[in-house]
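# Inside the fold
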Amino acid sequence: MKVRRLLAEVAVDKGPEAIRAQLAEVRLPVDDGLPDRRIGGLSGGQQRRVALARALARRPAVLLLDEPTAGLDPALRDEIADLLRHLAESHRIAIGLSCHDPDLVTRLADDVIDLTGPRLQQTARPAPTPREPASTPDDGPATLTASGLHAAHLHRGRRVPVLHGIDLTLPAGSSLGVVGASGSGKTTLLRTLVGLHRATAGTVNLDGTRLAPTAHSRSRDQRRRLQLVPQDPLGTLNPSRTIGATLRRPLLLHRRAGRAEVPDRVLELLDQVDLPAAFADRYPHELSGGQRQRVAIARALAADPDVLICDEITSALDADTTVAVMDLLADLRDRRGLSLVLVSHDLRLVADRTDTLLVMSEGHAVESGPTAQLFTAPSHPVTTALAAGTLLGG
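Cut-offs used in this document
- Residues numbered from 1 in each chain as written.
- Predicted model: local features only at pLDDT ≥ 70, side-chain atom pairs only at ≥ 80, totals over all residues.
- Heavy atoms only, no water.
- Core = buried A, V, L, I, M, F, W, Y, C linked by side-chain atoms within 4.5 Å.
- Buried < 20%, exposed > 50% of the residue type's maximum accessible area, 1.4 Å probe, protein only.
- Helix = DSSP H or I, 4+ residues; strand = E, 2+ residues; numbered from the N terminus.
- Contact = heavy atoms within 4.5 Å.
- Axes fitted to C-alpha atoms, helices over the stretch in contact; angles between N-to-C directions.
- Parallel < 35°, antiparallel > 145°, perpendicular 65-115°, else oblique.
- Nonpolar A, V, L, I, M, F, W, Y, C, P; charged D, E, K, R; others polar.
- Salt bridge = Lys/Arg side-chain N within 4 Å of Asp/Glu carboxyl O.
- Left-handed = near helix turned anticlockwise from the far one by under 90°.
- Polar contact = N/O pair within 3.5 Å; in protein donor to acceptor, adjacent residues only side chain to side chain.
- Patch = residues over 30% accessible without salt bridge, like charges linked within 9 Å, V, L, I, M, F, W, Y side chains within 5 Å.
- Areas by Shrake-Rupley, 256 points an atom, 1.4 Å probe, with all protein chains shown as cover.
- Lys, Arg positive; Asp, Glu negative; His and termini not counted.
- Charge placed at Lys NZ, Arg CZ, Asp CG, Glu CD.
- Pairing = 2+ DSSP bridges.

Quick look at the nonpolar core now. If you look at the biggest cluster of nonpolar residues, it comprises 35 residues, and the most contacted ones within it are Val229, Leu301, Leu308, Ile313 and Leu329. Considering every element that reaches this core, the biggest residue donor is helix α10 (residues 289–302), with 7 residues. Not counting the four nearest positions on each side in its chain, Ile313 is found in contact with Val229, Gln293, Ile297, Val325, Leu329 and Leu342. Counting 32 residues, the second-largest nonpolar core is a separate cluster that includes Ile19, Leu56, Ala81 and Ile93.

As C-alpha cells, then:
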C-alpha cells in the first residue's frame, strides 16, 4: 500500500489536504512524491513517522508508542520528541511509551515505571573514545568492495536516483560504519550490496570476484558469505516457523552443521545472542522487538558469513544487550576475520566499534576515512555536524 492510502484507510478526515497535513505534522515531506511511495521504499525513520501519522490520523485520546525513536538520527529523534510533547500539551493526548533511551524518557515523561530496577535517572555520558583501526587495507585482502555504485527508486514510472557513485573498501576482519541522516541512502546502499536492490550502475566485488547485481543471480556460497541483518526483523522472519526452525534452515541450507549437530548448534546460536533455549519453540509474534532483532542476528551468524551487514541492529536493544551483541561481533572479528558493515544512528556506538567511516548525505558519500580521524578532525560540514552531535550527546 502507498503512504497516502495507509493514512486514508484509518483517518477521520480522508481528504487529500488532511492527509498532507498529517504527514507534515510528523515532519515528512509532501512535495517530493512521498505520499505516493510504498512503505518498503522508505527509510526506517520515514516508516516510523508514517506509523505515527497513521495513529494520529484516528485522532486518539491515548497514544501508546513502542520505541518510537529507535533507529532515528539524533536530530530527527529530537524533532519527534518535541512533536510528542506538543501533541500531549496542545491536543490533550495522553501518551505512554516504552523506550531504551533514558535521556529521552527523562526529557519527555511525567512519570516513569522502570521494569528492571530503580527509577531511571538522567546521567551524563562521557564523550566517545574512538577505537584505533584494528587493521588497514594493506594488512590483508579486501573482502568487499564497491565501485561507482548508483541506485534508484521507481516513482510514477520514472527512476529517482538514490545513490550517486558510492565507493567503499572493506578489508577482511575490519569494520565500517555508515552514518548519515534518515533518508540519506544508507539502507538502500546495504540492500544494493547484498543484491536485494538492483544497482543502476557500478560494481560490487567479493574477494575480487564481481557479484551479479541481484541476489538470485549469485551463487549460494556468495549469498552465504554476505549476510544482511535488517532494521525490521519482523518483516523477514517467517511467522509460521518457530525460532528453532528459522535457525535450522541456514545451518542445513549452507551445510554449516550435520543434521545430528543442528539442535545443539541452534541452542548455541541462541546463547550467543543472549536468548534462552526455550525460545527455540516460540514464534516471532511471541517475542519482543529486541528479541526478534537478536534472532535475526543469530540467523545471519548461522550462515557463517565472511561479511555481516547490519542495519540499525541495536536500535531495539537495551544498553546491556547492545554491549553483549557488539562484544560477540568483535569476538567473531578477532577469531575468524569476520568483516562488519554497521549502519547506526548511535554515533557513540559507531565511534567505539568501527575502524573506518563512510558519511552519507542525500545519496552521496561526502567523506570517508578512519573513524577516529573523521570524528576528531572532520573536513565536511555534514561530518562536522554529526561529530558535534556525538560529542554533545545530541
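Moving on, we get to the packing of helix α3 (residues 44–56) against helix α4 (residues 74–90). Packing of α3 against α4 brings their axes to within 13 Å, and their N-to-C directions diverge by 10°. Classed by the angle they form, the pair α3 and α4 counts as roughly parallel. Facing Arg49, Leu52 and Leu56 of α3, the residues of α4 in contact are Leu76, Ile80, Leu83, Leu84 and Leu87. Residues that form the contact of α3 with α4 fall into these classes: 7 nonpolar, no polar and 1 charged.

In total, this model carries 17 salt bridges according to the counting rule given. Here Arg4 makes a salt bridge to Asp36, at a shortest N to O gap of 3.2 Å. Here Arg4 is found in helix α1 (residues 3–8), whereas its partner Asp36 is found in the loop between α2 (16–25) and α3, with 32 residues between them in sequence. Taking relative accessible area as the criterion, Arg4 reaches 29% and is therefore assigned partly exposed. Here Arg333 makes a salt bridge to Asp355, at a shortest N to O gap of 2.7 Å. One end of the pair, Arg333, is in helix α11 (residues 319–336); the other, Asp355, is in the loop between α12 (347–353) and β11 (356–361), with 22 residues separating them in the sequence. Across the pair, exposure class does not vary: Arg333 and Asp355 are buried alike. Taken together, the shared-partner salt bridges connect Asp207, Arg225, Arg256, Asp304, Asp306 and Arg336 into one network.

Packing of helix α9 (residues 262–272) against α10 brings their axes to within 9 Å, and their N-to-C directions diverge by 130°. The orientation of α9 relative to α10 falls into the category oblique. Crossing geometry of α9 relative to α10 is assigned as right-handed. Residues Arg265, Leu269 and Gln272 of α9 lie in contact with α10, whose contacting residues are Ala298, Leu301 and Ala302. In the contact of α9 with α10, the residues fall into 4 nonpolar, 1 polar and 1 charged.

This brings us to the environment of Glu268. Tracing the backbone through its elements, the reader meets Glu268 in helix α9. Judged by relative accessible area, which is 39%, Glu268 ranks as partly exposed. C-alpha separation for the pair Glu268 and His164, spaced 104 residues apart in sequence, amounts to 41 Å.

Another point: the side chain of Ser184. Relative to the helices and strands, Ser184 resides in the loop between β5 (175–179) and α6 (186–193). Within polar-contact distance, the side chain of Ser184 engages the backbone oxygen of Ala181 at 2.8 Å. Setting aside its immediate chain neighbours within four residues, Ser184 contacts Met360, Ser361, Glu362 and Gly363.

On the surface, a cluster of positive charge is contributed by Arg220, Arg223, Arg241, Arg249 and Arg255. Examined against the element boundaries, Arg249 turns out to sit in helix α8 (residues 243–253).

Taken together, 6 strands build an open sheet; the order of strands is β8-β9-β10-β5-β11-β12 and the sheet is mixed. Since the sheet does not close on itself, it has two edges, and those belong to β8 (226–229) and β12 (364–370), each with one partner. Geometrically, the sheet is characterised by an average inter-axis angle of 15° between neighbouring strands, direction not taken into account. As paired strands, β5 and β11 are joined by 4 bridges and run parallel to one another. Of the residues in β11, the one forming a bridge with Leu176 is Thr356. Sitting on the sheet, α6 is in contact with β5, β8, β9 (307–311), β10 (339–343) and β11, with an inclination near 150° to β9. Along the sheet face, α10 touches β8 and β9 and points at about 175° away from the line of β8.

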